[in-house]
Amino acid sequence: SLNFPLSPLPRNMIENSMFEEEPDVVDLAKESPSYPIDSDDVVYEPRSSRLLVRGLGENDLDEEEEDYESSARLLGMSFMNRSSSQRSAAASSYTRQQPSNSCSVPSAKKMVVGILVLVIIAFVAMFIYFVPRCTFSKDGCQKTNSSIEQLYPKASNGELFPWTGLRLPASVHPVHYEISLQPNLTAMTFQGSVAISMVVLQETNKIVLHSYDMKIINSTFQDEKVNILEYKPWQQIAIKVSKELKKGEIYVLKIHYSNHLILAATQFEPLAARKAFPCFDEPAFKASFVIKITREAEYISLSNMPKVKTTPLGDGLFEDEFEKSVNMSTYLVAFVVANLSSVSKNVSNTLVSVYAVPDKKDQTHYALETVAKLLEFYNRFFEITYPLSKLDLVGIPDFLAGAMENWGLITFRETTLLIGDHSSPIDKQLVTSVIAHELAHQWFGNLVTMRWWNDLWLNEGFATYMQYMSIEEVFPELDIDNEFLSVRFKALAKDALNSSHPLSTKVYTPEEVAEMFDSVSYEKGASILLMLKATLSKVAFRKGVIEYLKRYRGLNTQSEDLWMSLSQVTNPHTDVAEMMNTWTVQKGFPLVTVNRTGIQVNLMQEHFVLNADNATDHSNLWHIPLTYVSDICNNSSSCKQVFLFKDKTATIEVSEKVKWLKFNYRSDGFYIVDYGEQGWRALIIALKENVNVLPHEDRAALINNIFALSRSDRVSFRQVLNLLVYLKNETETAPLTEALTQLNHIFMLLDKRSDLLLVSRMTTYIFTVFGDLMDSQSWEEESSVSKQALRSALLETACHLGRPNCTNQANRLFVQWRTSNKTEHIPGDLLKTVLSVAAQTEKGWQVLLDTYKHSIYDSEKRKTLQALASTQDVRKIVWILKAALDGSEIQTPELPLVISTVCRHSAGYLHAWDFVKENWDKLTQKFSIGSFPLQSIIMSTTSQFSTKTHLDEVERFFGSLKERGSKMRSVQEAIETIKLNIQWMDRNLVTLWKWL
């Protein structure tokens, strides 16, 4: 992809909301920006004449700026008023005094001389006061800038840049782009030209758009040569015209440019289209595109639309031209130039193709059949047929993102698209999930697009929800419901931190935009949609979604537009917007505390924050669609009772015969529950008597909730252990894997503290609870995805903790595989576990390194890499970290996975942390600040620290970075997580000693 690091933007220059369409209010006299701007770039207004001024023109004020002309005059008047007032004060101090009776009247001559002397003294004093000190310096004074110069930043060429906001002005809107690209895959450069047709919405004498790190060769406006001004910190360019552009008229700007090329495959979301062609790079600036690409004969080119013609250019070059596109945002534009092969089929009048490099073509068939079924499902479900005549899915080697939903040209990392003979049903579940997600974006994101990145969840939350819902409908054998439950738990864990953010939150800089791509936007967004669907009913929710897509087809939206569409098809007494705004505009989620006395059940809600000492707002309230069941009726959806809990407290009544209550039926709601000591005891007794008294989702939720409550010191760890006793009788995947995940987290914290005795006791406890189940697992092929997921989790833990039955079986399978020249098959879900055991020996590690270098099966290749990174040999750990950073023998996009794997083991986590500190600048060159890979690296290397020494070190390191990453939300999350680990350890070490 065209992959360059983003340049941070100065935040102090943005005063009013970036979501407005007007020019931003700017106060350039405020504190220093978080991003250092050279003094040559911006001349700041002195604090003594600090004014709030909006979008002033350089010399002439055009009509869109007339409202602000008075502010410009004030800049001149401020000095005049100050001068006149000071002159008045000075004059008053030198007025003649009335003579006293004891003094004689001076002569007229003396009076004249005295007044003259006083006037001279006053003149000298005023001269000294008003003339700058630099007048008397050796070098003299620099030329003073005008008031306009004090407001506007300087462009690269020294001229004033005519815009003062991060968001582009709304005075012009692009209508159509004609883009011609000539990539040179040998020199890794490209030349391009773009002709942008634009309509004027408000009369203006300037055009401002985006461009990043390009060499502008020439440019014309209405076929007349124009000068391009560039302001690099904001990644903007501009032209100024002598005559105002008329409202409603169409104008054409043409730019010829060149740039560096990383890969001939694009990844433009969120803000990278500006690296490939000058453009209005904001989601709301939709336009149509015609793209022409020059290529060599051995390559093919692909873009969003079907190819209409190929023109020979001579010298072995060809130009491919593609159809005019539908209107779309710039981040969805895509092209690929590569040597690829494909398989295709026609689905509902759409030609669907899956592309891969030629030697992996045989791994494309599963994806083709999967996308065909999902496309038919989405066409029916949304009642809007996919609008393009073709749909390409392309596996890209060394692709940084997991996948990208470009309209008509979806790009994938190979491991998320290709399925080979060695792939397991779990691998198929992953590939199906990614395809379902990206295909859902063709409606949510492409057809209807969020207006600005603050509402990214409208794209990603919906696509995530549809991914799970569609797979449950179309591929029930993939058992996707357990996976969806697991990601909801992960979203709860992140959103319980004080460093979390609202689903819909203001973002300004590219770094802040990048950080929106996290589990809150994706998994929490999907979770609240699931909750809303459960509240409104499946039928009503679907009607609202269809209404939303049809009403806003081709447009940009905000959260309120979705709520309005859903309100129109629901019960008139249900205010969807009022309810859902409590889930989108405030961060976090509620804790519902239950206290039962006889038939009365008293409820209280509050913002659940793991570290309650640092909670920012205790007054938040949510409209909670509270659901519950009891022992009288509990295992059917018809048993579910619903209560809309809107206030701080509420009371419901139940029968005296009810022994226990379970709230949040099947964990469809995004909240957790504390039942109090009495309520927890009743539920534990019920589970010990009959494990199936609750659905497996509810049993998993009880485990998740009680661990979260323990971590926040609301429930003792003794109560947690009491609940886990019931697991002896548990057989379902969701509750078992949730318990194992939570216990593994505690084990890793103890392991990183090098408390060998407690580590030994924790290992014994895990084996006590899960040992029999671990030993009973089959090492043969297993068709059930749910059973595979459980087996994989159990055996990975067993072998990691050195359980002999596990390590012996793993070594046996590895020897068979190696001696058969790798033809003896290892079940795909067990491959990582088997190879990780083998990687602990010198011979085994070398065999795996050779396997990694030569494997063409991406799922096998990735599991082999994880096994290599699990080594306890420090020299190998250092080598693999460096190799992944360099990108020579290990692909750089896999570096976050390598670091995450290394950090799971006590031998490697400190080396990984040192590696990150020593190579931070290189890391931020490969992964832009705020990006998901960098978020992952930060959390992997710090989240298992649990000592004050490590906390101080992390705070000191990130504090030293300043503009190079210290402000990232993931840094705050890391620091908060370490503090929570320290608190939990301080509270529970004694309990662990006593109970383990």
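Small disclaimer: the values here were computed from a predicted structure and weren't measured. (Residues numbered from 1 in each chain as written. Predicted model: local features only at pLDDT ≥ 70, side-chain atom pairs only at ≥ 80, totals over all residues. Heavy atoms only, no water.)

The next thing to look at is the pattern of salt bridges. On inspection of all chains with the given rule, the structure shows 38 salt bridges. In this structure, Arg-167 and Glu-282 form a salt bridge, with 3.1 Å as the shortest nitrogen-oxygen distance. With Arg-167 in the loop between helix H3 (147-151) and strand S3 (172-184) and Glu-282 in the loop between strand S10 (250-260) and strand S11 (288-296), this pair connects stretches of sequence that are 115 residues apart. Residue Arg-167 is classed as buried on the basis of its relative accessible area, which comes to 4%. Residue classification places Glu-282 among the buried residues on the basis of a relative accessible area of 4%. The closest approach of N and O atoms between Arg-862 and Glu-894, which form a salt bridge, is 3.1 Å. Residue Arg-862 is located in helix H22 (residues 858-869), and its partner Glu-894 is located in the loop between helix H23 (874-886) and helix H24 (895-903); the two are separated by 32 residues in the primary sequence. The exposure class of Arg-862 is partly exposed, given its relative accessible area of 26%. The exposure class assigned to Glu-894 is buried, which follows from its relative accessible area of 8%. Taken together, the shared-partner salt bridges connect Glu-842, Asp-873, Arg-875 and Lys-876 into one network. (Salt bridge = Lys/Arg side-chain N within 4 Å of Asp/Glu carboxyl O. Helix = DSSP H or I, 4+ residues; strand = E, 2+ residues; numbered from the N terminus. Buried < 20%, exposed > 50% of the residue type's maximum accessible area, 1.4 Å probe, protein only.)

With that settled, consider the sheet that holds strand S16 (residues 341-347). Strand order across the open sheet formed by 5 strands is S16-S17-S18-S20-S19, with mixed pairing between neighbours. At either end of the open sheet lies a strand with only one pairing partner, and these are S16 and strand S19 (403-404). This element, helix H5 (residues 425-440), spans strand S18 (390-396), S19 and strand S20 (409-413) of the sheet and lies at about 150 degrees to S20. (Pairing = 2+ DSSP bridges. Contact = heavy atoms within 4.5 Å. Axes fitted to C-alpha atoms, helices over the stretch in contact; angles between N-to-C directions.)

This model, assessed by the stated rule, comprises 43 aromatic pairs. Taking 5.3 Å as the distance between ring centres and 85 degrees as the angle between the ring planes, the aromatic pair formed by Tyr-231 and Trp-234 counts as edge-to-face. Note on accessibility: Tyr-231 and Trp-234 belong to one class, buried. Residues Phe-377 and Phe-381 carry aromatic rings whose centres are separated by 5.7 Å and whose planes lie at 25 degrees to one another, so their mutual orientation is stacked. You can see Phe-377 and its partner Phe-381 sitting in helix H4 (residues 365-382), 4 residues apart, about one turn around the helix. We note that Phe-377, like Phe-381, is buried. Aromatic ring contacts, followed pair by pair, group Phe-377, Tyr-378, Phe-381, Phe-382, Tyr-386, Trp-443, Phe-444, Phe-462, Tyr-465, Phe-541, Tyr-548 and Tyr-552 into a single cluster. Above the face of the Phe-767 ring, Arg-803 is positioned so that its terminal group lies 4.6 Å from the ring centre. (Phe/Tyr/Trp six-rings, centres within 6.5 Å; stacked < 30°, edge-to-face > 60°. Lys NZ or Arg CZ within 6 Å of the ring centre and 35° of its normal.)

For the pair helix H25 (residues 909-918) and helix H27 (residues 932-942), interaxial distance at closest approach is 9 Å and the crossing angle is 140 degrees. By the criterion of interaxial angle, the relationship of H25 to H27 is oblique. The handedness of the crossing between H25 and H27 is left-handed. Residues Ala-912, Trp-913 and Val-916 of H25 touch H27, and the partners they reach there are Ile-937, Thr-941 and Thr-942. Looking at the contact of H25 with H27, its residues break down into 4 nonpolar, 2 polar and no charged. (Parallel < 35°, antiparallel > 145°, perpendicular 65-115°, else oblique. Left-handed = near helix turned anticlockwise from the far one by under 90°. Nonpolar A, V, L, I, M, F, W, Y, C, P; charged D, E, K, R; others polar.)

Here Pro-358 is to be found in the loop between strand S17 (350-356) and H4. The exposure class assigned to Pro-358 is partly exposed, which follows from its relative accessible area of 41%. Sequence separation between Pro-358 and Asn-339 is 19 residues, and the spatial gap between their C-alpha atoms is 7.5 Å.

Now for the state of the cysteines. Scanning all chains against the criterion turns up 2 disulfides. Here Cys-633 engages in a disulfide with Cys-639; their sulfurs sit 1.7 Å apart. The S-S bond linking Cys-633 to Cys-639 shows a torsion near -65 degrees; that makes this disulfide left-handed. In this model Cys-799 forms its disulfide with Cys-806; the gap between the sulfur atoms is 1.9 Å. Judged by the sign of its S-S torsion, about -100 degrees, the bond between Cys-799 and Cys-806 is left-handed. (Disulfide = S-S within 2.5 Å.)

Ranked by internal contacts, the top residues of the largest apolar core, which has 300 residues, are Phe-277, Trp-443, Phe-663 and Phe-770. When sequence neighbours within four positions are dropped, the list of residues in contact with Phe-277 reads Tyr-177, Ile-179, His-210, Met-214, Tyr-257, Phe-268, Phe-289 and Val-333. (Core = buried A, V, L, I, M, F, W, Y, C linked by side-chain atoms within 4.5 Å.)

A separate point is the confidence of the model for the protein. The pLDDT averaged across the protein works out to 85; a share of 84% of its residues lies at or above 70. Low pLDDT, under 50, characterises residues 1-104; the predicted model gives this stretch 216 contacts beyond four residues in sequence or across chains. Below pLDDT 50 for its whole length, residues 135-145 participates in 8 contacts with residues either more than four positions away or in separate chains. (pLDDT = per-residue confidence, 0-100.)

Attention shifts here to the sheet that holds strand S7 (residues 224-225). Here 8 strands make up an open sheet; going across it, the order is S7-S6-S10-S4-S3-S11-S14-S13 and the pairing mixed. The open sheet terminates on both sides in strands that have one partner only, identified here as S7 and strand S13 (307-314). Where S3 meets strand S4 (residues 189-200), 12 bridges bridge the pair, whose relative direction is antiparallel. Opposite Pro-174, over in S4, you have Met-198 as the bridge partner.

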